[in-house]
Amino acid sequence: MMKDIYAFFLDIDGTLCSGGKVPAVNTEAIEKARKLGHKFFIDTARSLGHIPPAVTALGLDGYVAGIGCTVVVEGKKILSENIPIGVIAELFDYFTDSGRKFMLEGEEITVVNKHFENPDGKYIFVESGKELIENFGSQVLAKAYIPHILSAEEQKNLDERFMFFQHPDYAEFSKKGFSKATGMQKVLDYYGIDRSHCVAMGDSANDLDMLRYAGISVAMGNSSKEVKDSCDIVTCDNDKGGVSEGIIRILGNIFP
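So, here's what we can say about the structure. This structure is a prediction, so every number in the text was calculated from the model and none was measured.

The tally for this structure, following the rule as stated, stands at 16 salt bridges. In this structure, the salt-bridge partner of K143 is E105, at a minimum N-O distance of 3.3 Å. On the criterion of sequence distance, the pair formed by K143 in strand β9 (residues 141–146) and E105 in strand β6 (residues 103–106) is long-range, its members being 38 residues apart. Assigned by exposure class, K143 and E105 land together as buried. Three or more residues are tied together by salt bridges with common partners; here these are D11, K180 and D207.

All chains considered together, the criterion is met by twelve aromatic pairs. Ring geometry for Y145 versus Y170: centroids 5.6 Å apart, planes at 45°, classification tilted. In this pair, Y145 is assigned in strand β9 and Y170 in the loop between β10 (162–166) and β11 (171–175), connecting sequence segments 25 residues apart. Aromatic pair F162 and F173: ring centres 4.4 Å apart, planes at 35°, arrangement tilted. Pair noted here: F162 is in strand β10 and F173 is in strand β11, with a separation of eleven residues, a long-range link. Each member of the pair, F162 as well as F173, is classed as buried. Aromatic ring contacts, followed pair by pair, group F92, Y94, F95, F102, F162 and F173 into a single cluster. Over the aromatic face of F116 sits the side chain of K101, whose NZ or CZ is 5.4 Å from the ring centroid.

Definitions and limits used
Residues numbered from 1 in each chain as written. Predicted model: local features only at pLDDT ≥ 70, side-chain atom pairs only at ≥ 80, totals over all residues. Heavy atoms only, no water. Salt bridge = Lys/Arg side-chain N within 4 Å of Asp/Glu carboxyl O. Helix = DSSP H or I, 4+ residues; strand = E, 2+ residues; numbered from the N terminus. Buried < 20%, exposed > 50% of the residue type's maximum accessible area, 1.4 Å probe, protein only. Phe/Tyr/Trp six-rings, centres within 6.5 Å; stacked < 30°, edge-to-face > 60°. Lys NZ or Arg CZ within 6 Å of the ring centre and 35° of its normal.

Given below as structure tokens:
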């Protein structure tokens, strides 16, 4: 057991990053803590292929991505799950036919329907569920993203079948039975770190399962009231270095 080592799990948007960038004070605190032997992981709803370059450049110990469907530890993929392609194809046609955008985030590619624009060429356009099965059936497509508010009936249906979240202006879902928390446990088991030495930092509703699972939970100052009320520690806002503040409050002053 790694008794004196903490494993930190960081959400990206609204937590580690601000405007797509990592505040310098966060980078410095993470580097200091890692030199002391502590482990740092990104824990995000984004798929592995959607993690921003500013985050991958940090060279952390690994990733829990796609709402827990992909887990990478020190460059080794120890979990890789995807939504069954037949189910995805059915939903792809449903949202396309209803005139709404539908995106599938994979570990390597991003597939979208015809309602998306593609100004920088980073998406792969697919016309139908049939084409999706024929051309991308072997791809790991871990998460669906729908930039719309869904009806109550649609939300209920998806919540029953998937790990589903409806946010104020978009929805997302992944395979049932997987979550940010289940991904955390995979990492803890890998290292033999006790749950009491597991730290989660987040800001939004889709972080609640990992925050509640962690031995120590940290909410950014910009978090919703529900998230703040669920956490042990509330820091300053993410753009002011909330992650750095959380690290220091847990480990003590790690700066000379």
